[in-house]
Structure formats: structure tokens, C-alpha cells
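If you want the building blocks of each chain, they are given just below.
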Amino acid sequence: MQQDLTMIDREAWDGLGEAAADPQKPFRYLTLASLGRCQFPEARTVVLRSVDISTRVLEFHTDTRSPKWQELQDNGNTTILGYSDVLKLQLRLRGEMELAPPGSLQAEQVWSRLPPHTRATYQGGPPGDELRPEDDAVSQDQDSRQAETGKDRFGVLFFKASSLDWCRLERHNNLRARFSYGDDGELDRACWVAP
């Protein structure tokens, strides 16, 4: 094939790293799929917050009252899916999710770096709850004391990839490759596969 597999792997992870740093980059918004409590697959869009390329870890933030948090506590096996229309590229990662609950060292460190407007997103009712007319929207000009109230609901998700399925859609020749990673994040195996 015309592309080196090691280079493809590096470019894919560099792209994820760029997306975590720049909201305008492809792969900033990814789909997280997990097994729901009713044994149905659940998928939702999440914002990529940080990437550790050396260990193959992606970081996401969530409200710990969400069904997503509960599902991942029950079963951390997760698939992350991203597609860039600009690049005509799909990245599908499989791995295990580690949860850092409110009060944990990781959650405390991340929370301390969040701007007030992001902290405020954790103040409302539990995600997915029905809103009633008497429920007031959270004011945008809250004082810092109010913004702290979401801290006890803030959790961090650390997704450790064990594999990456890379697929580029081209007009006449789609390309697909599969990569496997060791516990240390090192590339264990790479191969071309039929698209």
C-alpha cells in the first residue's frame, strides 16, 4: 500500500491531540458507545478534552448523575467513533473506560482548571430528566460560589484505547487499517484490512 502504517497511526493520534486543543479541528466531537442498562447499545456525542498519545488515553468530562456514568460503572467496555467529512476519515477506537468520580484527585485537578461557564453546566437537574415549566434556567451571571455547586456532580472519563480501526473513504479506493496497542500504549500490531 502507498502509505506507511506507522505514519497513519501517528497522524491519527496527532489529529486527536489537535482536536482536544482546538474546537475547530475534526474529531473534537466524538461518539461514545457503551452498553446500556437495558442491554441495548447507547451512543452519545462527547467533547474530547485531552489526549495522551503515549498512553493512548482520551479524556472526557461528564455529569455523574447521567445514565452514561452509571452504564460505564457497570461495564467500562467502550467504543469511540469519529468521522471527519473534510478528511473523509473514520476513526473507531475500542477500549476500556476508567472513571474519576467527584472528589477524586483527577476530578479535583480538572475542575480547578475549568472556566466558570463550563462549571455552570453541571448545576442543573440530572441529564435526561424531564423539565417542568416551574424549573428556572440557570443564570449566566452566577457568582463563583454558585458555580462551585456543580463540583459534586463532575466526573472525568479516561478512555484507554486497545485498538484503532482507521478507514479513509476515497472515490475509487477506500483504505482501511487496524492497529492494536499494548497496556503501555505501544503499537503492538498494524495491518491493512479489507474496507
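Okay, so let's go over this structure. Along every chain, residues carry numbers that run from 1 in the direction the sequence is written. Note on the predicted model: pLDDT of at least 70 is required for a residue's local features to be given, and 80 or more for side-chain atom pairs to be given and counted; whole-chain, interface and lining totals, by contrast, use all residues. Think of the side-chain values as coming from all heavy atoms in the structure, minus any hydrogens and water.

Side note on the nonpolar core
Then comes step 1: Put simply, buried Ala, Val, Leu, Ile, Met, Phe, Trp, Tyr and Cys residues joined by side-chain atoms within 4.5 Å make one nonpolar core. Any residue under 20% of the maximum accessible area for its type is buried, any over 50% is exposed, and the rest in between are partly exposed; the area is computed with a 1.4 Å probe on protein chains only. Grouped together as the largest cluster of nonpolar side chains are 31 residues, with contacts concentrated most on Leu16, Leu58 and Phe60.
Then comes step 2: Elements supplying a minimum of two residues to this core: α1 (5-21), β1 (29-35), β4 (57-63), α2 (67-74), β6 (89-100), β7 (154-168) and β8 (175-181).
Then comes step 3: Each helix is a run of DSSP H or I of at least 4 residues and each strand a run of E of at least 2, with the numbering of both proceeding from the N terminus. Ranked by residues supplied to this core, first place goes to α1 with 7 residues.
Then comes step 4: In this structure, Val57, Val110, Trp111 and Tyr122 belong to the second largest nonpolar core, which totals 10 residues.

Re unusual backbone geometry
Then comes step 1: Phi at Phe27 takes a positive value of approximately 75°, unusual for a residue other than glycine.
Then comes step 2: Inspection of the secondary structure assignment puts Phe27 in the loop between α1 and β1.
Then comes step 3: Residue classification places Phe27 among the buried positions, given a relative accessible area of 7%.
Then comes step 4: Backbone geometry places Lys88, a non-glycine residue, at a positive phi of 55°.
Then comes step 5: One can find Lys88 in the loop between β5 (77-84) and β6.

So, helix α3 (residues 105-113)
The periodicity of an α-helix, 3.6 residues per turn, causes residues three or four places apart in sequence to face the same way.
Then comes step 1: For α3, the complete set of buried residues consists of Ala107, Val110 and Trp111. Seen from one end, α3 has its buried residues packed into an arc of 100°, which puts them on one side. Away from its buried face by more than 90 degrees, α3 exposes Leu105, Ser112 and Arg113. Picture the helix axis, draw a direction to every C-beta atom, and the arc is the one those directions span.

A look at the pairing of β5
Then comes step 1: In β5, alternate side chains face the same way, and those of Thr78, Ile80, Gly82 and Ser84 are buried while those of Asn77, Thr79, Leu81 and Tyr83 on the opposite face are not.
Then comes step 2: Only when DSSP finds a minimum of two bridges between them are two strands counted as paired. In the sheet, β1 pairs with β5 via 3 bridges, with the strands oriented antiparallel. Within β5, the residue paired with Ala33 across the bridge is Thr79.
Then comes step 3: The sheet contact formed by β5 and β6 spans 8 bridges and is antiparallel. Residue pairing in the sheet places Thr78 in a bridge with Gly95 of β6.

Structural notes on the side chain of Arg176
Then comes step 1: If you trace the backbone, Arg176 turns up in strand β8.
Then comes step 2: Given the relative accessible area of 16%, Arg176 is considered buried.
Then comes step 3: Two N or O atoms form a polar contact when they lie within 3.5 Å of each other; inside protein one atom must be a possible hydrogen donor and the other a possible acceptor, and for residues adjacent in sequence the pair counts only when both atoms belong to side chains. Among the polar contacts listed, one links the side chain of Arg176 to the side chain of Asp165, at a separation of 2.7 Å.
Then comes step 4: Should any heavy atoms of two residues lie within 4.5 Å, those residues are counted as being in contact. In contact with Arg176, other than residues within four places in its own chain, are Arg92, Asp165, Trp166, Cys167, Trp192, Val193, Ala194 and Pro195.

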